[in-house]
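The residues making up each chain are set out below.
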Amino acid sequence: MVIPVVTRTRSGVAFSLALGGSALSTAASAWALAEVLANGSIRYDLGGWAPPVGIQYVVDEVSAFVALVVTSVATLVIAGTRRWAEREAGARAGPFYALVMLLLAGLGGMVVTADLFNLFVFLEISSLAAYTLVFLGGRAGMLAGFRYLVLGSIGGAFYLLGVGFLYFSTGTLNMEETATILAASPSSRSVQAGAVFIFVGLGLKMALVPLHLWLPDAYTHAPSSVNSLLAPIMTKVGAYAMVRMFLSVFPDGYLKDEALVADGLLVLGLVGIVFGSVAAIRQSDIRRMLAYSSIGQLGLIAVGIGLATPLGLVAALLHVMNHAVMKGTLFLAAASVRLSTGLSSVNGLTGLGRAMPLTMACFTLGALSMVGIPPMAGFFSKWWAAQAGVESGQWVVVAVVLGSSLLTAVYVFIVLERVYLRPALPAEGHEASEETGVPVDETGDAPDASDEGVPAHVRGASESPVDVVLPLAVLALATVVLGVANSFIVTHVLEPGVR
Amino acid sequence: MIEEIAARFPYWMCAALIAVGLFGMIQKRSLVKKLIGMNILQSAIILFFVAGGLREGATLPILLEQGAGNADAADYVNPLPHVLMLTAIVVNVAITGVALAFLVRIHREFGSLDEESLIEQVRQ
């Protein structure tokens, strides 16, 4: 669905092609979702070979839903970061957008494939594109990119090893066949080992807590046009692959009763929520704060998956969507601030509520949604997660999910207080405005030259141009709209999907 | 213990290689050595698949006598894991290539491939 787009982006008009291509795949995903809801899953046998011989692509409610989230957020982010891409990639915009499209193609492939080995190939395609995009972020980005590559390939290798165990136990790579065969066969050590390897591998890709080490550096030092793109969608598709393992590959209850994977996910998710939120409070760089908050939010997704009940999976998938939209909003807003002021420290936001009212309004919407203020999207995924916890009697989950709102509130309000309530004090921002991750600008006209003069940046700051603010505003409003529409999404899309 | 290892020699071998690879990736300070560790890890997994497809006393997966009814799957080595590994090798080559390109660029920028000194330089 997304794949033909890749080849077309090598020309000079790379931006329009990339935007058009991702808009097209958004439309295709939307159509696929409508089609699936009306007529059931779409199946496509690659090369005309029916499974189990050939590779099959299956679009069901869940994959169409995730595909739509990924493509639409990506489209908005590509539209919103054009100025950054121009500045950061410069004359090499063609290869840059080719990488972006390669990333989207890999993610799209991961979402629709029904073959375990094919999933590995797409996983590596998207990761490879992501490593390279992170690597573009100047000196610090290079190191972060190489680290990401090393850790990411450990993840890929572990996933492949797990698939090997499964294949030698079942003799098939098709997901549904694997489930049928596993349901009929007695439990075996090698299948359990395979399940554990697969989840360690995917856990690395989705930055589950002890495996999250690559994420903060990668998100902080990547170019602004890249981190706004990676943060919302990259780890989400890893989470989707995990959901897929629960839904299609392993029979009902298998991962909970036999392999301890579900409980492991639950515990790591809970630890992740607390760790990510606490670590976010201490950060002075806004991107790093958002990166740690991503780790916390991914913990929430892992908790939903780890509960291994339909309600838990609904909560996880809903949060995949909500978090993609919220993080897209927040990272885009941060990029917009940096475009205008050149600053990315939390103190650098001081007093910007007046100078950049629209950007900051969007930032506020995204941030409040992340805390979980009721009409916003973030509230509902937490609500469903808490409900899933109540349903399966896991009171720890309920407590941690509710507690995480408080922790999120702490770091969000630290920011908002600076944005709106404090006047732009001259001396205030000085200490913290040193940032390690200044994207070294290839062309040399780095915007961060004004780093020293904090008062100057606020005086000089004005609203970002409309092509930055418009996608941002759409994403920010989406957090409200999706919040209001959540019950429709859950009953019509997700509940049929996880059954 | 020794018979156990001898009976499943390829699997023990690749478990050992995985350990070696992971050790290299985590422990070594030089980025090149980390990359080599990564390659060892990936090769170990390829070995695992290839060994898994093997069958004692079986032959090449080519139908020998057309129409002679000799299509018993047990007589042939399982070709699918080997084919999968061709793809995996391609993926690994791509990753290694990108990683080497990264290293060239890093070396040009920092003049070093030692992790500690790179972290030091980035901090400044």
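Nothing here was measured: the structure is a model prediction, and the numbers come from that model. (Residues numbered from 1 in each chain as written. Chains lettered and ligands numbered in written order. Predicted model: local features only at pLDDT ≥ 70, side-chain atom pairs only at ≥ 80, totals over all residues. Heavy atoms only, no water.)

1. Quick look at the packing of aromatic side chains
One pass over the full model with this rule turns up 20 aromatic pairs over all chains. Residues Phe165 of chain A and Phe197 of chain A carry aromatic rings whose centres are separated by 5.7 Å and whose planes lie at 5° to one another, so their mutual orientation is stacked. Of the two residues, Phe165 of chain A is situated in helix 6 (residues 138-170) and Phe197 of chain A in helix 8 (residues 189-205); the sequence distance between them amounts to 32 residues. A residue is classified by how much of its surface remains accessible, and Phe197 of chain A, at 25% relative accessible area, is partly exposed. Measuring from centroid to centroid gives 5.7 Å for Phe168 of chain A and Phe48 of chain B, while their planes differ by 75°, and the two rings are edge-to-face. Taken together, the residues Phe168 of chain A in helix 6 and Phe48 of chain B in helix 3 (residues 31-53) connect one chain to another. An aromatic cluster of three or more residues is present, and its members are Phe158, Phe165, Tyr167, Phe168 and Phe197 of chain A together with Tyr11, Phe48 and Phe49 of chain B. (Phe/Tyr/Trp six-rings, centres within 6.5 Å; stacked < 30°, edge-to-face > 60°. Helix = DSSP H or I, 4+ residues; strand = E, 2+ residues; numbered from the N terminus. Buried < 20%, exposed > 50% of the residue type's maximum accessible area, 1.4 Å probe, protein only.)

2. Examining the interface of chain A and chain B
Contacts between chain A and chain B engage 31 residues on the former and 36 residues on the latter. Across the interface of chain A and chain B, roughly 3100 Å² is buried in total on both sides, 85% from carbon and sulfur atoms. Counting across the chain A and chain B interface gives two salt bridges. The partner of Glu115 of chain B in a salt bridge is Arg147 of chain A, and the shortest N-O contact between them spans 3.5 Å. At the junction of chain A and chain B, the tally comes to one residue pair in polar contact (both at pLDDT 80 or more). Secondary structure elements with two or more residues in the side of chain A that touches chain B: helix 5 (116-135) and helix 6 of chain A. Considered class by class, the residues forming the side of chain A that touches chain B number 22 nonpolar, five polar and four charged. (Contact = heavy atoms within 4.5 Å. Buried area = accessible area lost by both parts, 1.4 Å probe. Salt bridge = Lys/Arg side-chain N within 4 Å of Asp/Glu carboxyl O. Polar contact = N/O pair within 3.5 Å; in protein donor to acceptor, adjacent residues only side chain to side chain. Nonpolar A, V, L, I, M, F, W, Y, C, P; charged D, E, K, R; others polar.)

3. As for the nonpolar core
All names here are of chain A. In terms of nonpolar packing, the biggest core is built from 197 residues, with Tyr159, Phe199, Met245 and Phe250 touching the most fellow members. Among the elements that take part in this core, helix 14 (residues 310-341) stands out by supplying 18 residues, more than any other. Ignoring anything within four residues of it in the chain, the contact list for Phe199 reads Met242, Met245, Phe246, Phe250, Leu255, Val261 and Leu265. (Core = buried A, V, L, I, M, F, W, Y, C linked by side-chain atoms within 4.5 Å.)

4. Here's the deal with unusual backbone geometry
Residue and element names in this part refer to chain A. The residue Ala207 is not glycine, and still its phi comes out positive at about 60°. The backbone of Ala308 shows a phi angle near 60°, a positive value even though the residue is not glycine. Mapped onto the fold, Ala308 is located in the loop between helix 13 (286-307) and helix 14. Assessed through its relative accessible area of 29%, Ala308 is described here as partly exposed.

5. As for empty space enclosed by the protein
Enumeration over the complete set of coordinates arrives at seven cavities of 30 Å³ or more. Put simply, the second largest cavity is a space of about 70 Å³. Counting residues per element, the ones that place at least two in the lining of the second largest cavity are helix 5 and helix 6 of chain A together with helix 3 and helix 4 (80-110) of chain B. Considering each element in turn, the lining of the second largest cavity owes the most residues, four residues, to helix 6 of chain A. Among the residues making up the lining of the second largest cavity, the classes are represented as seven nonpolar, four polar and one charged. (1 Å grid on protein atoms, 1.4 Å probe; cavity = no way out; pocket = protein on both sides within 12 Å on 5 of 7 lines; lining within 4 Å. Points joined across faces, edges and corners; volume = space filled by probe spheres on them.)

6. A short note on helix 2 (residues 61-80) of chain A
Helix length check: helix 2 of chain A, at 20 residues, gives a terminal C-alpha distance of 29 Å against a target of 28 Å (1.5 Å per residue), a fit within 8%. Helix 2 of chain A sits mainly inside the fold: 17 of its 20 residues count as buried. (Expected span 1.5 Å × (residues − 1).)

7. Let's talk about helix 4 (residues 93-112) of chain A
Taking 1.5 Å per residue, 20 residues should reach 28 Å; helix 4 of chain A reaches 28 Å between its end C-alpha atoms and fits that length. Within helix 4 of chain A, 17 of the 20 residues are buried, which leaves it mostly tucked inside the rest of the structure.

8. Things to note about the pattern of salt bridges
With the rule as written, the count across this model stands at 10 salt bridges over all chains. Here Glu109 of chain B and Arg139 of chain A are joined by a salt bridge, their closest N and O atoms 3.5 Å apart. Here Glu109 of chain B is found in helix 4, whereas its partner Arg139 of chain A is found in helix 6 on a different chain. According to the relative accessible area criterion, Arg139 of chain A is partly exposed, its value standing at 27%. Residue Asp217 of chain A pairs with Arg147 of chain A through a salt bridge whose shortest N-O separation is 3.5 Å. With Asp217 of chain A in helix 9 (residues 214-221) and Arg147 of chain A in helix 6, this pair connects stretches of sequence that are 70 residues apart. Classification of Arg147 of chain A by relative accessible area gives partly exposed; the value is 31%. Each of Arg147, Asp217 and Arg288 of chain A together with Lys34 and Glu115 of chain B takes part in salt bridges that share partners, so that together they form one network.

9. Quick notes on the layout of surface pockets
Rolled over the atoms, a probe as big as a water molecule pinpoints where empty space is left. What the largest pocket holds in volume is close to 570 Å³. Lining the largest pocket are 32 residues, and of these Phe246, Leu247, Ser248, Asp252 and Val498 of chain A lie nearest its centre. Taken together, the elements giving at least two residues each to the lining of the largest pocket come down to helix 4, helix 7 (175-184), helix 10 (224-249), helix 11 (254-257), helix 14 and helix 21 (486-498) of chain A. Ranked by the residues each element gives to the lining of the largest pocket, the list is headed by helix 10 of chain A, at five residues. Considering only residue class, the lining of the largest pocket consists of 16 nonpolar, eight polar and eight charged. What the second largest pocket holds in volume is close to 470 Å³. Lining the second largest pocket are 23 residues, and of these Arg147, Leu151, Leu213 and Trp214 of chain A together with Glu115 of chain B lie nearest its centre. Within the residue set of the lining of the second largest pocket, elements represented by two or more residues are helix 6, helix 8, helix 9 and helix 13 of chain A together with helix 2 (9-27) and helix 3 of chain B. When its residues are assigned to classes, the lining of the second largest pocket shows 17 nonpolar, one polar and five charged.

10. Brief notes about the packing of helix 16 (residues 357-371) of chain A against helix 18 (residues 395-421) of chain A
Packed helices, taken two at a time, are described by their axes: the angle between them and the distance between them. Residues and elements named next belong to chain A. Direction vectors running N to C along helix 16 and helix 18 enclose 165°, while the axes themselves pass 9 Å from each other. Of the possible angle classes, the one that applies to helix 16 and helix 18 is roughly antiparallel. Between helix 16 and helix 18 lies a crossing of left-handed hand. In this structure, helix 16 uses Met360, Ala361, Phe363, Thr364, Ala367, Leu368, Met370 and Val371 to contact helix 18, whose residues at the interface are Ser405, Thr408, Ala409, Tyr411, Val412, Phe413, Val415, Leu416, Val419 and Tyr420. In the contact of helix 16 with helix 18, the residues fall into 15 nonpolar, three polar and no charged. (Axes fitted to C-alpha atoms, helices over the stretch in contact; angles between N-to-C directions. Parallel < 35°, antiparallel > 145°, perpendicular 65-115°, else oblique. Left-handed = near helix turned anticlockwise from the far one by under 90°.)

11. Points about the confidence of the model for chain B
For chain B, the mean per-residue pLDDT works out to 83, and 86% of the residues sit at or above 70. Within chain B, the element-level pLDDT minimum falls on helix 1 (residues 2-7) of chain B, averaging 74, and the maximum on helix 4 of chain B, averaging 91. (pLDDT = per-residue confidence, 0-100.)

12. Considerations on the environment of Val209 of chain A
All names here are of chain A. With respect to the secondary-structure elements, Val209 resides in the loop between helix 8 and helix 9. Residues Val209 and Leu268, 59 residues apart in the sequence, show an inter-C-alpha distance of 6.1 Å. Setting aside residues up to four positions removed in sequence, Val209 forms contacts with Leu268, Val271, Gly272, Phe275 and Ile295.

13. Some points on the packing of helix 2 of chain B against helix 3 of chain B
All names here are of chain B. Two elements in contact, helix 2 and helix 3, have axes separated by 7 Å at closest approach and are oriented at 160°. When the axes of helix 2 and helix 3 are compared, the pair comes out roughly antiparallel. Judged by the sense of rotation from one axis to the other, the crossing of helix 2 with helix 3 is left-handed. Contacts between helix 2 and helix 3 involve Pro10, Tyr11, Met13, Cys14, Leu17, Ile18, Val20, Gly21, Leu22, Gly24, Met25 and Ile26 from the first element and Lys33, Lys34, Gly37, Met38, Ile40, Leu41, Ala44, Ile45, Leu47, Phe48, Ala51 and Gly52 from the second. By residue class, the composition of the contact of helix 2 with helix 3 is 18 nonpolar, four polar and two charged.

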